[in-house]
Amino acid sequence: MTTQAETAYDNLLDHLREQAIVTSCQELLSWDELTRLPDGGTDYRGRQIAYLAGKHHELATDPRLGEWLDLAERSPLVADPTSDASVNISEARRHYDRLTRLPRGLVEELARLVTTGQHEWKLAREANDFRPFQPWLQRIVLRKREEALCLAASDVPYDALLAEYEPGFTTADLNVRFASLGSELTALLREVIDLQIGTGKSPPLAILRRQYAPDLQRTFCESMAQAIGFDLSRGGIDTSVHPFTSLLGPADCRIALRFDPRDLREGVFGALHEIGHALYDQGLPSEHYGTPLGEPASLSIHESQGRLWENAVGRTLGFWQHFLPQLARLFPAALADANPTDLWRAVNFVEPNPNRVRADEVTYNLHILIRFELEQALLAGDLPVADLPDAWNEGYEKHLGVMPQSPREGCLQDGHWASGMFGYFSTYTLGNLAAAQLYTKAESDLGPLSDHFARGDFGGLREWLAAHVYRHGKRFSTDQLVRRATGQPLDHRPFIASLRRRHVELWSASG
């Protein structure tokens, strides 16, 4: 006989799946906005997305959800904290409590604002002028500050926004982690540059900066995605101003890429990053789609998958041994004199630059540190939006010793804040830490992975990740998942150690 609690749980799941349908419609409209929407459609698209945001908020704050949760939480369904029911109930409770603190009007206004904000950011980026975007960013910051105050469970409003992407972490915790990581990365940066200088050779960077037609880059990236394991019968690839991945349904995962005709890295490494995200999305248990068990563990774990394929895989010698012949067939003139070792050295060359997406592994997290500091200051009201370009440039000079030469190269390079994604940037760094630990353990279990890649075998790593990451959905927190997969808590020291090993091996071999 079905108990009252079991009926409540069934009702809860049905309701969550209905919310997921609305979310998928929002994602589809957002995807179209960023890839195909004509400029004239922006205003009405904002109204469409705002309507769906309001509808989703209405469903997500339905008082019946609270009643069903109350019944389920007092039942044996939650006896085992890792059971399907317990995970779904606890996550549903967290979302319900969070969203019931937000007024529907604010949710709809933010949806409209970020839709227009993304469009205005795109135009400002194209014009290389921050000023037209400034009033839109000012409005977004004010509304995100209002959202944080509605949600705040501590004296630090930023904690509330961080919790949307990485529950369990606090601003204070991240400040400590970033301080330790930043100082060690600065020391490692000096060490690696000394190693590079010690070889007495100029890095073969010119190979990467020849003519690479974007349409042929796209052809290569689609082929590479399939070779690595991206299922194009359940996904697609398009182009956008900024690369991203969207899961639109249990069998519909989209990747958007960006190509630079004079820099091969932008397309290849952007594609690898988004493929990593997409493999995770396609590997989530589809039977649980629409419930927490069908969702990623966290944004940090999601980013770990992008960063793992982009860096731990894409910067190995084996990767280039396998894919260079295919690239050379598409670009015979540009790669006539190329060999895998030269490409391996070129893509691992460490040199501070003002662009996050093009950053090397050693300096990448310093880019994140700058953004982490700035967005805290923006939300706290300590940094006026009008002063952001100067503060951005000062941060780059302080942490990386470089100065952006234009707004497009500076504070307009990312679209995250235009999308209202305050609190997101730190997940890149947490993802880097998790990626290093996961890859190290996978290699311990499977053997030297670069050798696998050289013979075109990416399935071993993909299947290891499916077993240790993908299949769990949101059953475990970030730290729990990393501990279960690697036997160690999330820590920056394995990341630093892996970077040091890789660059000592690379530049010693090049000497």
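To keep things clear, this report deals only with the structure shown in the data block. Residues take numbers from 1 onward in each chain, read along the sequence in its written order. Given that this is a predicted model, residues contribute local features only at a pLDDT of at least 70 and side-chain atom pairs are listed and counted only at 80 or more, while totals for whole chains, interfaces and linings are drawn from all residues. Side-chain descriptors were evaluated using all non-hydrogen atoms of the structure, hydrogens and water having been removed beforehand.

A short note on the pairing of strand 2 (residues 244–249)
To keep things clear, this is the line we draw: Any two strands between which DSSP finds at least two bridges are classified as paired. Numbering goes from the N terminus for both helices and strands, where a helix is a DSSP run of H or I of at least four residues and a strand is a run of E of at least two.
When strand 2 meets strand 3 (residues 252–257), the two strands line up antiparallel, connected through five bridges. Counted as the bridge partner of Phe-244 is Ala-256 from strand 3. Linking two consecutive strands that pair antiparallel, namely strand 2 and strand 3, is a turn of two residues.

Examining the layout of surface pockets
Here is the rule: Cavities and pockets are defined on a 1 Å grid built over the protein atoms alone: a cavity is a set of grid points where a 1.4 Å probe fits but cannot escape, while a pocket is an open set with protein on both sides within 12 Å along at least five of seven lines, and lining residues are those with an atom within 4 Å of any such point. Grid points are joined across faces, edges and corners, and a volume is the space filled by probe spheres set on the points. Each residue is assigned to one of three groups, with Ala, Val, Leu, Ile, Met, Phe, Trp, Tyr, Cys and Pro labelled nonpolar, Asp, Glu, Lys and Arg labelled charged, and all others, Gly among them, labelled polar.
One number sums up the size of the largest pocket: a volume of about 520 Å³. As for the largest pocket, its lining consists of 23 residues, and the residues nearest its centre are Ala-312, Thr-316, Tyr-439, Glu-443 and Arg-502. For the lining of the largest pocket, the elements supplying multiple residues, two or more each, are helix 11 (299–313), helix 16 (426–446) and helix 20 (493–509). Quantified by volume, the second largest pocket comes out at close to 450 Å³. Lining the second largest pocket are 23 residues, and of these Asp-263, Arg-265, Asn-353, Asn-355 and Arg-358 lie nearest its centre. At the level of elements, helix 10 (264–283) and helix 13 (340–347) are the ones that each hand at least two residues to the lining of the second largest pocket. Looking at which element gives the most residues to the lining of the second largest pocket, the answer is helix 10, with three residues. Looking at side-chain class alone, the lining of the second largest pocket contains nine nonpolar, two polar and twelve charged residues.

Some points on the pairing of strand 1 (residues 235–239)
Inclusion rule: Each residue is placed in one exposure class: buried if its accessible area under a 1.4 Å probe, protein chains only, is under 20% of its type's maximum, exposed if it is over 50%, and partly exposed if it falls in between.
Counting buried residues along strand 1, four of its five residues qualify, which places the element largely inside the surrounding structure. Bridging between strand 1 and strand 3 involves five bridges; their strand directions are parallel. The residue bridging Ile-237 from the neighbouring strand is Ile-255, located in strand 3.

Brief notes about the pattern of salt bridges
A pair can form between side chains of opposite charge whenever their charged atoms are brought close. Just so we agree on the cut-off: Definition used for salt bridges: Asp or Glu carboxyl oxygen within 4 Å of a side-chain nitrogen of Lys or Arg.
In this structure the tally under the stated criterion is 34 salt bridges. A salt bridge links Asp-62 to Arg-64; the nearest nitrogen and oxygen atoms lie 2.9 Å apart. The partner of Lys-144 in a salt bridge is Glu-147, and the shortest N-O contact between them spans 2.8 Å. Residue Lys-144 and its partner Glu-147 are located together in helix 6 (residues 134–151), separated by three residues, close to a single helical turn. Residue class for Lys-144 comes out buried when judged on its relative accessible area of 5%. Residue classification places Glu-147 among the buried residues on the basis of a relative accessible area of 7%. Ionic contacts of the salt-bridge type, sharing partners, join the residues Lys-55, Glu-58, Arg-104 and Glu-108 into one network.

Considering the nonpolar core
Definition in use: Among the buried residues, those of types Ala, Val, Leu, Ile, Met, Phe, Trp, Tyr and Cys that are joined through side-chain atoms within 4.5 Å form a nonpolar core. Whether two residues are in contact is decided by their heavy atoms, any of which lying within 4.5 Å being enough.
Within the largest apolar cluster, 120 residues are counted, with the highest numbers of intra-cluster contacts made by Met-224, Leu-308, Trp-309 and Leu-461. With ten residues, the top contributor of residues to this core is helix 14 (residues 361–380). Leu-308 has contacts with Val-313, Ala-435, Leu-438, Tyr-439, Leu-461 and Leu-465, leaving out every residue within four places of it along the chain. Core analysis: the second largest hydrophobic core is formed by 16 residues, Leu-52, Leu-59, Ala-60 and Leu-106 among them.

Quick word on the packing of aromatic side chains
Convention followed: A pair of aromatic rings is counted whenever rings of Phe, Tyr or Trp (Trp by its six-membered ring) have centres within 6.5 Å, and the orientation is called stacked for planes under 30 degrees apart, edge-to-face for over 60 and tilted otherwise. Only when the NZ of Lys or the CZ of Arg is both within 6 Å of the ring centre and within 35 degrees of the ring normal is a charge said to sit over the ring.
Under the defined criterion, the tally for this structure stands at 21 aromatic pairs. Aromatic pair Trp-417 and Phe-425: ring centres 5.9 Å apart, planes at 90 degrees, arrangement edge-to-face. The pair Trp-417 / Phe-425 is uniform in exposure class, with both members buried. Here the aromatic residues Tyr-165, Tyr-364, Trp-392, Tyr-396, Trp-417, Phe-422, Tyr-424, Phe-425 and Tyr-428 are joined through ring pairs into a cluster of three or more. Seen from the ring of Tyr-364, Arg-307 lies directly overhead, with NZ or CZ sitting 3.5 Å from the centre. The ring of Tyr-428 is capped by Arg-356, whose NZ or CZ atom sits 4.8 Å from the centre of that ring.

Observations regarding the sheet that holds strand 1
Our working definition: To get an axis, a line is fitted to the C-alpha atoms, and for a helix only the part in contact is used. The angle between two axes follows their N-to-C directions and goes from 0 to 180 degrees.
Across the sheet, which stays open at both edges, the three strands sit in the order 1-3-2 with mixed pairing between neighbours. For this open sheet the edge positions go to strand 1 and strand 2, each flanked by a neighbour on one side alone. Averaged over all neighbouring strand pairs, the angle between strand axes comes to 20 degrees, with direction disregarded. The strands touched by helix 1 (residues 4–35) are strand 1, strand 2 and strand 3; relative to strand 2, the strand with the most contacts, the crossing angle is about 145 degrees.

Some thoughts on the side chain of Glu-310
Defined as follows: Any N or O atom pair separated by 3.5 Å or less is treated as a polar contact, with the protein-specific requirement of one donor-capable and one acceptor-capable atom, and with residues adjacent in sequence counted only for side-chain atom pairs.
Looking at the element boundaries, Glu-310 is found in helix 11. In this structure the side chain of Glu-310 is engaged in a polar contact, spanning 2.8 Å, whose partner is the side chain of His-273. Within the structure, the side chain of Glu-310 is placed 3.0 Å from the side chain of Arg-307, a separation counted as a polar contact. Setting aside chain neighbours within four positions, we find Glu-310 in contact with Phe-269, Leu-272, His-273 and Arg-315.

Structural notes on the packing of helix 11 against helix 18 (residues 459–468)
What counts, and what does not: The cut-offs work like this: below 35 degrees is roughly parallel, past 145 is roughly antiparallel, 65 to 115 is roughly perpendicular, and the gaps in between are oblique. Throughout, a crossing is termed right-handed when the near helix is turned clockwise from the far one, and left-handed when it is turned anticlockwise from it by less than a right angle.
Relative orientation of the contacting elements helix 11 and helix 18 amounts to 155 degrees, with a least axis distance of 13 Å. The angle between the axes of helix 11 and helix 18 places the two elements in the roughly antiparallel class. The crossing of helix 11 and helix 18 is right-handed. Along its contact with helix 11, which presents Gln-305, Leu-308, Trp-309 and Val-313, the element helix 18 presents Leu-461, Arg-462 and Leu-465.

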